[in-house]
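Residues per chain are reported as follows:
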Amino acid sequence: MEELARLLGGRAEGATPEALAATRVTGAAAIAEARGGDVTFFGNARYLPALKKCQATCALVSEDFAEEILPVRIRVANPSLAFSQVLEQFAPAPIINPPGIHPRAFVAEDATVAEGASIAPNAVIEPGACIGAGSFIGAGAYIGHGAIVGEGCTILPNVTIRERCRLGNRVTIHSGTTIGSDGFGYEFANGRHAKIPQTGIVEIGDDVEIGANVAIDRARFGRTIIGEGTKVDNLVHIAHNVVIGSHSLIIAQVGISGSARVGNYVTIAGQVGVVGHIEIGDGAIIAAKSGISKDLAAKSVVWGSPAVPLRDAKEQLAIIRRLPQLVARVRKLEQLLGSPEKKDSAES
C-alpha cells in the first residue's frame, strides 16, 4: 500500500504503518464493483453512500476528504487521474505495431513513409502523401493524395483522410472517422441545388484526439482548423471553414455549422447545435442539448435552446415546473372572484 501511495504522490492513512506495509492491492474497480484487494477512487459526491459501504481495500480520495470509510484512504491531488495511473499498472501490455509496410498495403511510389512508421494490411497511401516517423496507419485506412500525417500519429482502422489534409504530430483518430469530406455547400439556381466546389482542406494541430464516426468537412476555400490539444468525442460533425481553438472539448453528437469560430479551452457538451458564422469566446462552457444562435463572450456558461446564462436557464426551468400549481391557484381565485369569461358573457 505504501508503495502505491508513493507511486501516486499521495499519502496513505486509515491503518497502522505495519498494516499499510503488509497490505497488497491486486486489482482496480469502480466503487460499486470493488472487492477485497481492489483499489477504487472517489471523484463524485453522489457516490459517497456507495463508498461508505464499499469493500475495496483502498480508495483514492481528495486531499480534503473528511468522511470515515472502511477502505484505507490514499489522499491525492486528483483521484480520477491517479486512478488512471493505477489502471496502467493492471492493464494488458499495449499492442506494439511493428514498423514497416505490410505486403498487403498499397503505398504509391511517390508517397513518403518515414522510418519507424507502421502501415497495416489493406491501408491505402495515395500519391504524394507523407507519413511521419513513428506513425501507425491501421488496416483499411485511406490516406488521400498529398495528405500529410505528422510524427507519432495513430490512425486507427477504417479512417479516411482525404486529399491534401494535414495532421500535426501525435494525433489520434478513431475508426470510422472522415477528415476532409466535402462541405455541405449548394446554391439554388434554375430549379435545382447546384453544388459549390469545396476546394479547401482540414488542418489538425498537434496532440488532437478525434473519436469514432466523426465527420470534419474540408473548407469551401482555405482551411477548417482543429487547434492543438483539442479533443473531439464520437459522432460529432464539424462543418466547412469552422475554426476550433486549442485545448477545447467537443462532446458526442455536437454539430457545428459552417464558418463558426470556437475559442481556446471551450467545452461544448453533448448534442449541442451551433449555427454558422458566430464566435464562441475562450473558456466558454455550453451545457448539453443547447442551441447556440449568437456570439458567446469569453467564459460564458450557458444552457437551453436558445441558450441563455446558466442561472437564468435554471430559474426558467424551475418556473415551468411550477406552472401546474400556479394554474391551480389561478382557477381557485377565479372561482372565488368569478372568472373573466363569465363576467364578459353576463355583460353582453
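Structural notes, computed from the coordinates. Throughout this document, residue positions are counted from 1 along each chain, in the order its sequence is written. Residue-level local features of this predicted model are given only where pLDDT is at least 70; pairs of side-chain atoms are given and counted only at 80 or more, and the full residue set underlies all totals for whole chains, interfaces and linings. Think of the side-chain values as coming from all heavy atoms in the structure, minus any hydrogens and water.

Quick notes on the overall build of the protein
Applied cut-off: The secondary structure listing takes helices from DSSP runs of H or I that are at least 4 residues long and strands from runs of E that are at least 2 residues long, numbered from the N terminus. Using a 1.4 Å probe on the protein chains alone, a residue whose accessible area is under 20% of its type maximum counts as buried, one over 50% counts as exposed, and one in between counts as partly exposed. Here, two residues are considered to be in contact whenever any of their heavy atoms come within 4.5 Å of each other. Residue exposure ignores everything except the shown protein chains as possible cover, and the areas themselves are Shrake-Rupley values with a 1.4 Å probe.
When its secondary structure is counted, the protein shows six helices and 38 strands. Structurally, the protein occupies a C-alpha span of about 95 × 85 × 30 Å along its principal axes. Buried positions account for 39% of the 348 residues belonging to the protein. Taking the intrachain contacts of the protein between residues at least 6 apart in sequence as the baseline, contacts between residues at least 24 apart amount to 17%. Total accessible area on the protein stands at roughly 19200 Å², and carbon and sulfur atoms take up 54% of it.

Focus: the pattern of salt bridges
Opposite charge on two side chains allows them to pair when their charged atoms are near. Note the threshold: Every case where a carboxyl oxygen of Asp or Glu lies within 4 Å of a side-chain nitrogen of Lys or Arg is listed as a salt bridge.
Tallied over the entire structure, the rule returns 11 salt bridges. Its salt-bridge partner being Glu203, residue Arg166 comes within 3.5 Å of it at the nearest N-O pair. Note that Arg166 is positioned in strand S17 (residues 166-167) and Glu203 in strand S22 (residues 201-204), a separation of 37 residues in sequence. For Asp182, the salt bridge is made with Lys195, and the minimal N-O distance between the two is 3.2 Å.

Quick word on the pairing of strand S19 (residues 178-181)
Heads up, the condition is: By this definition, two strands are paired if DSSP reports at least two bridges between them.
One ladder, built from two bridges, connects strand S16 (residues 160-161) with S19; its direction is parallel. Bridge pairing in S19 places Ile161 opposite Ile179. The pairing of S19 with strand S24 (residues 215-217) spans three bridges and is classified as parallel. Bridge pairing in S24 places Ile179 opposite Ile216.

Side note on helix H5 (residues 310-337)
Threshold: Between the first and last residue of a helix there are one fewer steps than residues, each counted as 1.5 Å, and that sum is the expected span. We define the bend at each residue as the angle formed by axes fitted to the 7 residues ending at it and the 7 residues starting at it.
Over its 28 residues, H5 runs 39 Å from end to end, which matches the ideal 40 Å to within 8%, given 1.5 Å per residue. At Leu323, H5 shows its largest bend, some 45 degrees, and a proline, Pro324, comes one to four positions later.

Points about the side chain of Thr224
Where we set the bar: A 3.5 Å cut-off defines polar contacts: any pair of N or O atoms within that distance qualifies, except that in protein one atom must be a possible hydrogen donor and the other a possible acceptor, and neighbouring residues in sequence count only when both atoms are side-chain atoms.
Looking at the element boundaries, Thr224 is found in strand S25 (residues 223-226). Since its relative accessible area comes to 0%, Thr224 is described here as buried. Only 2.8 Å separates the side chain of Thr224 from the backbone oxygen of Asp217, close enough to count as a polar contact. In this structure Thr224 touches Ile201, Val202, Glu203, Ile216, Asp217, Arg218, Ala219, Ile238, Ala239, His240, Asn241 and Val242, once residues within four positions along its chain are discounted.

Some points on the sheet that holds strand S7 (residues 106-107)
A sheet is described by the order of its strands in space; here 10 strands give the open sequence S7-S10-S13-S16-S19-S24-S27-S30-S33-S36, paired in parallel fashion. Here the strands that pair on one side only, and so sit at the sheet edges, are S7 and strand S36 (291-292). Of the pairings in the sheet, the one linking strand S27 (residues 237-238) to strand S30 (residues 255-256) comprises two bridges and is parallel in character. Bridge pairing links Ile238 to Ile256 in S30.

As for the sheet that holds strand S28 (residues 243-244)
Within the open sheet, the nine strands sit side by side as S8-S11-S14-S17-S22-S25-S28-S31-S34. Their pairing is parallel. At either end of the open sheet lies a strand with only one pairing partner, and these are strand S8 (112-113) and strand S34 (279-280). Sheet analysis places S28 next to strand S31 (residues 261-262), joined by two bridges and oriented parallel. Its bridge partner lying in S31, Val243 is registered against Arg261.

What to know about the layout of surface pockets
Rules: The way it works is a 1 Å grid over only the protein atoms, where trapped points that fit a 1.4 Å probe form a cavity and open points with protein on both sides within 12 Å along at least five of seven lines form a pocket, and then any residue with an atom within 4 Å of a point lines it. Grid points are joined across faces, edges and corners, and a volume is the space filled by probe spheres set on the points. By the convention adopted, Pro, Cys, Tyr, Trp, Phe, Met, Ile, Leu, Val and Ala count as nonpolar, Lys, Arg, Asp and Glu as charged, and the other residues, Gly among them, as polar.
Size it by volume and the largest pocket reaches roughly 290 Å³. Around the largest pocket, the lining is made up of 14 residues, and of these Met1, Glu3, Leu4, Arg24 and Val25 lie nearest the centre. When residues of the lining of the largest pocket are traced back to their parent elements, those giving at least two are helix H1 (2-8), helix H2 (17-22) and helix H4 (79-90). Ranked by residue count, the leading element in the lining of the largest pocket is H1, at five residues. Within the lining of the largest pocket, the residues separate by chemical class into eight nonpolar, two polar and four charged.

Side note on the packing of aromatic side chains
The geometry of an aromatic ring pair is captured by two quantities: the separation of the ring centres and the angle between the planes. Heads up, the rule is: Centres within 6.5 Å are what make two rings of Phe, Tyr or Trp a pair, Trp counting through its six-membered ring; a difference in plane orientation under 30 degrees is then read as stacked, over 60 as edge-to-face, and the rest as tilted.
If you walk through the whole model with that rule in mind, you get three aromatic pairs. Both rings, one in Phe42 and one in Phe65, keep their centres 5.4 Å apart while their planes meet at 65 degrees; by these two values the pair is edge-to-face. Taken together, the residues Phe42 in the loop between strand S3 (38-41) and helix H3 (48-53) and Phe65 in the loop between strand S4 (58-62) and strand S5 (72-76) connect sequence positions 23 residues apart. Each member of the pair, Phe42 as well as Phe65, carries the same accessibility label: buried.

With respect to the pairing of strand S37 (residues 301-304)
Where a strand is regular, its side chains alternate between the two sheet faces. For strand S35 (residues 285-286) and S37, the ladder comprises two bridges, and the chain directions are parallel. By the bridge assignment, Ile286 is partnered in S37 with Val302. As paired strands, S37 and strand S38 (residues 307-309) are joined by three bridges and run antiparallel to one another. In the sheet register, Trp303 faces S38, and the bridge partner there is Val308.

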